[in-house]
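# Breakdown of the fold
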Amino acid sequence: EGEGAKASTDEYGGFIRNLGVSTLRMSYPNAVRLLNEQLKREEDAFLAKLDSKPSGEELEALLKKEGLAQMSEVDDLSTPNEKRLGALVKTRYGVDFFILDMFPASVRPFYTMPYPKDSRFSNSYDMFMRGEEISSGAQRIHVAELLEQRGKELEVEMEPLKDYINSFRLGAWPHGGFGVGLERVVMLYLGLKNIRQCSLFTRCPRRNTP
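Residues numbered from 1 in each chain as written. Predicted model: local features only at pLDDT ≥ 70, side-chain atom pairs only at ≥ 80, totals over all residues. Heavy atoms only, no water.

## A look at the environment of Asn123
Put simply, the rule is: Going along the chain from the N terminus, every DSSP run of H or I of four or more residues is numbered as a helix, and every run of E of two or more is numbered as a strand. The cut-offs for exposure are 20% and 50% of the maximum accessible area for each residue type, with area from a 1.4 Å probe on protein chains only; residues under the lower value are buried, those over the upper are exposed, and the others partly exposed. Two residues qualify as a contact provided that any one of their heavy atoms is within 4.5 Å of a heavy atom in the partner residue.
Among the secondary structure elements, Asn123 is positioned in the loop between β3 (97-101) and β4 (124-129). The exposure class of Asn123 is partly exposed, given its relative accessible area of 23%. When the C-alpha positions of Asn123 and Thr209 are compared, they lie 40 Å apart, and in sequence the two are 86 residues distant. Setting aside chain neighbours within four positions, we find Asn123 in contact with Thr112, Met113, Pro114, Tyr115, Pro116, Ala138 and Gln139.

If you want it as structure tokens, here you go:
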């Protein structure tokens, strides 16, 4: 959302950029809205097959069990919903790679910078390929007082972190970072079934060495 950026005309606020490969950017609340519409369609189809339709708490429990419960803007994405979202993005926008930003603050570490316009959210993002997360990142809090405030709000034990927090009192630029699962990227890019096919030294219950 830099200066001079064009406003999205998409119903869900999606931006597509063509930089050799088409990519999509969308905010987390808009992605939840898109997902909930799909979940409602699946819910209707599911209930239509039942002989008797439950209601109230029974219906709520059944939808949760079937993975069809509606999400709130601050709920975390489950793995099935990540895959649903990937399929929706592919159908609607025709892209395999997309970025979600503005994740709920409640599902991110305490040191993630809050979103300035709404403290329920954060300056964080995930990158997805074909419906699965390949990277997670964020802007980190670089102000000691804000770190202490966030830690208290989330009931984090701050004493073991005092050296980390005090380091920011010496001054720090706004900064961020991300981590990438390279084996997962290779698996999804090549359309492989199992990540073990992409790891040089696979680790599993039956293989610890080499």
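Having seen it, we continue.
## Topic: the side chain of Arg150
Examined against the element boundaries, Arg150 turns out to sit in helix α4 (residues 144-153). Taking the relative accessible area as the measure of exposure, Arg150 reaches 9% and is therefore buried. For Arg150, the residues in contact, after removing those within four places along its chain, are Ala105, Phe110, Pro114 and Ile141.

## Points about the packing of aromatic side chains
Cut-off, in case you're wondering: Aromatic rings from Phe, Tyr and Trp, taking only the six-membered ring of Trp, are treated as a pair when their centres fall within 6.5 Å; an angle between ring planes under 30 degrees marks them as stacked, one over 60 as edge-to-face, and anything in between as tilted. By definition here, charges over rings are those cases where NZ of Lys or CZ of Arg is within 6 Å of the ring centre and within 35 degrees of the ring normal.
Evaluation of the coordinates by the stated rule reveals four aromatic pairs. When the ring of Tyr164 is compared with that of Phe168, the centres are 5.2 Å apart and the planes differ by 85°; the resulting orientation is edge-to-face. Note on Tyr164: relative accessible area 32%, which makes it partly exposed. The ring of Phe103 is capped by Arg108, whose NZ or CZ atom sits 4.3 Å from the centre of that ring.

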